[in-house]
Amino acid sequence: MKTRVAVIYGGRSGEHEVSIRSAKSIIDAMDADKYKVLHYLISKDGKWSPRPIVPEPRANPEIDVVFPVLHGTFGEDGTIQGLLELAELPYVGAGVLASSASMDKEVMKRLAKERGLPVVDYLVMSSNVMSSNNVSNVESVCSRFEFPVFVKPANLGSSVGISKARNCEELKSALELAASYDRKVIVERGIIGREFECSVLGNDDPLAAIPCEILPSRDFYDYDDKYLLEKAETVIPANLSPEQTAELQRLAVECYRAVECEGMARVDFLLESAADKLYINEINTIPGFTSISMYPKMWEYSGLPMPKLIDRLIELALERHEAKKRLRYTK
């Protein structure tokens, strides 16, 4: 009997189209002899087709497991995971806590720092305060960091709303842009160096894949460079020493554990040229699965091709669900 997999994709975030592309790649890689795919498309205004998943136990008998492929807001932030928990459905990927903590860049950095993991120096601003006193905010950044700095909304993915500011005027514009996307804004010290990514897979015993290096075609790896221009280059395996590779993999797994992630995640890194030091940049709990996305490519290079990766992710979802059921019904 085939496992019935509900693939949820689309969504209300600015990454709607990327989600559709990721879902297509995942569905195409599924073994048709093993799985029956159930399509759940969420439109940009939040309407489900053919119908919403009902947030009640035993109310979705046609579904064996859910594969959420919703990038960004309302998909990667714990909201859809909460719905699936209420429905008591097994699902691929991180749970509610890990999803919400990983989505919030400040919370993720705090958790990483609490574990002694290296993160870039940063400060946090409220968009409500910023709107009334932008001059003061610029001064506080300038007194803390040298230019360039990076300005980011705290809760968006795929580099949406991120700017590199080289002077005070660019900083003002960057703060305004980030504040238009989120109530909380992160300002980070600019790192001159290289960018890397590392895929992580697993529940209680996560494993890290062979990492890759990102060579942006622009100042940094932004949304256009990731999904529109198709000019960025990737190098796998990353051109690192064996010691650097091992350290990057260790940090990826430790970051994964720090946010209590399960299933999968991609951890992004910066390597500062001057200090030759690795920094954790962010963790993505529903990484891209498009034709150019590196999460599946890193696993393929590490010996786990896409169909087997999909198998393993579904296995991990079912294993976690069974473990939770045992706890639920022994109380």
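In this text, all values refer to a predicted model and were calculated from it rather than measured experimentally.

Caption draft 1: Region of interest: the packing of aromatic side chains. In the structure shown here, the tally under the stated rule is three aromatic pairs. Here Phe67 and Phe289 contribute two aromatic rings whose centre-to-centre distance is 6.4 Å and whose plane-to-plane angle is 90 degrees, an arrangement assigned as edge-to-face. Here the residue Phe67 occupies a position in strand β4 (residues 65-69), and Phe289 occupies one in the loop between β14 (277-284) and α10 (294-301), the gap between them amounting to 222 residues. Between Arg12 and the ring centre of Phe74, over which it is positioned, the NZ or CZ distance is 4.1 Å. Above the plane of the ring of Tyr91 lies Arg320, whose end atom (NZ or CZ) is 4.6 Å from the centre.

Caption draft 2: Inspection of the pattern of salt bridges at higher detail. The tally for this structure, following the rule as stated, stands at 26 salt bridges. Close ionic contact of Arg110 with Glu106 constitutes a salt bridge, the shortest N to O distance being 3.2 Å. Residue Arg110 and its partner Glu106 are located together in helix α4 (residues 105-114), separated by four residues, close to a single helical turn. According to the relative accessible area criterion, Arg110 is partly exposed, its value standing at 47%. Residue classification places Glu106 among the buried residues on the basis of a relative accessible area of 14%.

Caption draft 3: Representation of the pairing of strand β8 (residues 184-189) within the structure. Of all six residues in β8, five are buried, a share of seventy percent or more. One ladder, built from five bridges, connects strand β5 (residues 122-126) with β8; its direction is antiparallel. Its bridge partner lying in β8, Tyr122 is registered against Glu188. Note: strand β6 (residues 149-153) against β8, five bridges, orientation antiparallel. Considered in β8, the bridge of Pro153 is made with Val185.

Caption draft 4: Inspection of the packing of helix α3 (residues 96-103) against α4 at higher detail. At a closest axis distance of 5 Å, the pairing of α3 and α4 adopts a crossing angle of 105 degrees. Of the possible angle classes, the one that applies to α3 and α4 is roughly perpendicular. Contact residues: Ala101, Ser102 and Met103 in α3; Lys105, Val107, Met108 and Leu111 in α4. Partitioned by chemical class, the residues of the contact of α3 with α4 number five nonpolar, one polar and one charged.

Caption draft 5: Molecular detail of the sheet that holds strand β1 (residues 3-10). As summarised here, the arrangement of the four strands in space is β3-β2-β1-β4, forming an open sheet in which the pairing is mixed. Sheet topology places β3 (48-49) and β4 at the edges, where each strand pairs with a single neighbour. Relative to β3, strand β2 (residues 35-42) runs antiparallel, the two being bridged by two bridges. In the sheet register, Leu41 faces β3, and the bridge partner there is Ser49. Contacting β1, β2 and β4, helix α1 (residues 16-29) runs over the sheet at an angle of about 155 degrees to β1. Packing against the sheet, helix α2 (residues 79-86) makes contact with β1, β3 and β4, and its axis sits at approximately 170 degrees to β4.

Caption draft 6: Here's a closer look at the nonpolar core. If you look at the biggest cluster of nonpolar residues, it comprises 31 residues, and the most contacted ones within it are Val7, Met30, Phe67, Phe289, Ile310 and Ile314. Those elements that provide at least two residues to this core are β1, α1, β4, β11 (212-215), α10 and α11 (306-330). Broken down by element, this core gets its largest block of residues, seven residues, from α11. Excluding its chain neighbours within four sequence positions, the residues that come into contact with Phe67 are Val5, Ala6, Val7, Ile8, Ile26, Met30, Val92, Met264, Ile310, Leu313 and Ile314.

Caption draft 7: Here's a closer look at the pairing of β4. Burial within β4 is extensive, with five of its five residues counted as buried. Of the two faces of β4, the one carrying Val65, Phe67 and Val69 and the one carrying Val66 and Pro68 are both buried. Direction of pairing for β1 relative to β4: parallel, over a ladder of five bridges. Across the sheet, Tyr9 pairs through a bridge with Val69, a residue of β4.

Caption draft 8: Spatial organisation of the environment of Glu213. Structurally, Glu213 can be placed in strand β11. It is 4.3 Å that separates the C-alpha atoms of Glu213 and Phe196, two residues lying 17 residues apart in sequence. Setting aside its immediate chain neighbours within four residues, Glu213 contacts Arg194, Glu195, Phe196, Glu233, Thr234, Val235, Ala238 and Asn239. In terms of polar contacts, Glu213 uses its side chain to reach the side chain of Arg194, at 2.8 Å.

Rules used in this analysis
Residues numbered from 1 in each chain as written. Predicted model: local features only at pLDDT ≥ 70, side-chain atom pairs only at ≥ 80, totals over all residues. Heavy atoms only, no water. Phe/Tyr/Trp six-rings, centres within 6.5 Å; stacked < 30°, edge-to-face > 60°. Helix = DSSP H or I, 4+ residues; strand = E, 2+ residues; numbered from the N terminus. Lys NZ or Arg CZ within 6 Å of the ring centre and 35° of its normal. Salt bridge = Lys/Arg side-chain N within 4 Å of Asp/Glu carboxyl O. Buried < 20%, exposed > 50% of the residue type's maximum accessible area, 1.4 Å probe, protein only. Pairing = 2+ DSSP bridges. Axes fitted to C-alpha atoms, helices over the stretch in contact; angles between N-to-C directions. Parallel < 35°, antiparallel > 145°, perpendicular 65-115°, else oblique. Contact = heavy atoms within 4.5 Å. Nonpolar A, V, L, I, M, F, W, Y, C, P; charged D, E, K, R; others polar. Core = buried A, V, L, I, M, F, W, Y, C linked by side-chain atoms within 4.5 Å. Polar contact = N/O pair within 3.5 Å; in protein donor to acceptor, adjacent residues only side chain to side chain.

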